[in-house]
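Remarks on the overall topology
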Amino acid sequence: MFATLSDRLNATLKNLRGKGRLSEADIDATAREIRIALLEADVALPVVKDFVAAVKERARGEEVSQALNPAQQVVKIVNDELVTILGGETRRLRFAKTGPTVIMLAGLQGAGKTTLAAKLALWLREQGKTPLLVACDLQRPNAVQQLQVNGAKVGVPVFAPEPGNGVGDPVSVARASIEEAKRKLHDVVIVDTAGRLGVDAEMMKQAAGIRDAVQPDEVLFVVDAMIGQDALVTAQAFLDGVGYDGVVLTKLDGDARGGAALSIRQVTGRPVMFASSGEKMTDFDVFHPDRMASRILD
Ligand code: GDP
């Protein structure tokens, strides 16, 4: 197990108590510890550099020179900066003023989209919404069936291509689902889309086609926190290829420190909105920047 960043900073600065400004050597030692800890947490290098520069700047300032315990003050600065970069407040879903709110999910195969679709549906249902799940992942064998199984678990209907009707094309299914939602008075439509194992032009084209057909109120990019540094490359590719409003981090029950959240937020400017942390339908919550900061720091 790695020593936590708080421990490292306390050890680095332990002999300093109310001695006024930190020396440049102390600040450099502090910066080094922060850099290592963030890289170990899978934060992308350019993001680490900016972050460390911001913390160094503040570490030279009054709040540290006047602190009784400079180490604690530096830990607080790091925590504050993490929370700020992670978005400060939780960003909430925006609902459409009229007609059904359309939420489209995009991401690589295996990111956890189909699982997340059902979790999100359950979460919305518990808030009194009447969601409809839409199976537009017609690529992965069993994805439709998996969504149907998960939909049944959470008591939410699934709109899917008719069996025996050929595979159908996802754009037509997506378009038809909006009509179905209006007919049956669903107030939220959650569209699951196909991913592939790697970033792929065909997949982006299909996702963009679905997006144009359903005009989503929210596009959510779903990404596995366990893929570490690769998360940023994928996030950028989906931003360019499809565009999205927010991010969902999945598999946070694994041992990923969550640096992907920081990198994605900083580079794409899109907030992480939800966190998925297990295979149970209730392993899901809105994203809390302060909790993620603690996860990275502690
Ligand atoms: P999709 O290809 O993006 O639709 O991904 P799936 O929803 O099928 O998820 C891929 C695998 O990851 C499945 O085995 C899921 O059960 C699993 N999975 C999804 N979300 C989580 C999570 O938050 N934690 C864990 N441990 N597993 C997850």
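This one's a predicted model, so the numbers in the text were calculated from it and none came from an experiment.

One pass over the full model with this rule turns up 2 cavities of 30 Å³ or more. Estimated volume of the second largest cavity: approximately 30 Å³. Contributing to the lining of the second largest cavity are Ile27, Thr30, Ala31, Ile34, Val52, Val55, Lys56 and Ala59. The class makeup of the residues in the lining of the second largest cavity is 6 nonpolar, 1 polar and 1 charged.

Another point: the UniProt feature "domain: SRP54-type proteins GTP-binding" (unreviewed entry) in the protein chain. When the UniProt feature table is mapped to this numbering, "domain: SRP54-type proteins GTP-binding" (unreviewed entry) covers residues 271-284. The span residues 271-284 carries 0% helix and 43% strand; its end-to-end C-alpha distance comes to 17 Å.

Attention now goes to the site of the ligand. By nearness alone, 17 residues border the ligand, and Gly110, Thr114, Thr115, Asp253 and Glu279 come closest of all. Backbone polar atom of glycine 112 to an oxygen atom of the ligand: 2.9 Å apart, as the coordinates give it. One nitrogen or oxygen atom from the main chain of lysine 251 is found 3.1 Å from an oxygen atom belonging to the ligand. Out of a free accessible area of 580 Å², the ligand has 81% covered by protein chains. Looking at the shell around the ligand, the element that brings in the most residues is helix α6 (residues 113-126), giving 4 residues. Within the shell around the ligand, the residues separate by chemical class into 2 nonpolar, 9 polar and 6 charged.

Cut-offs applied
Residues numbered from 1 in each chain as written. Predicted model: local features only at pLDDT ≥ 70, side-chain atom pairs only at ≥ 80, totals over all residues. Heavy atoms only, no water. 1 Å grid on protein atoms, 1.4 Å probe; cavity = no way out; pocket = protein on both sides within 12 Å on 5 of 7 lines; lining within 4 Å. Points joined across faces, edges and corners; volume = space filled by probe spheres on them. Nonpolar A, V, L, I, M, F, W, Y, C, P; charged D, E, K, R; others polar. UniProt positions renumbered as here; feature names shortened; annotations may be inferred. Helix = DSSP H or I, 4+ residues; strand = E, 2+ residues; numbered from the N terminus. Near = heavy atom within 4 Å. Polar contact = N/O pair within 3.5 Å; in protein donor to acceptor, adjacent residues only side chain to side chain. Areas by Shrake-Rupley, 256 points an atom, 1.4 Å probe, with all protein chains shown as cover.

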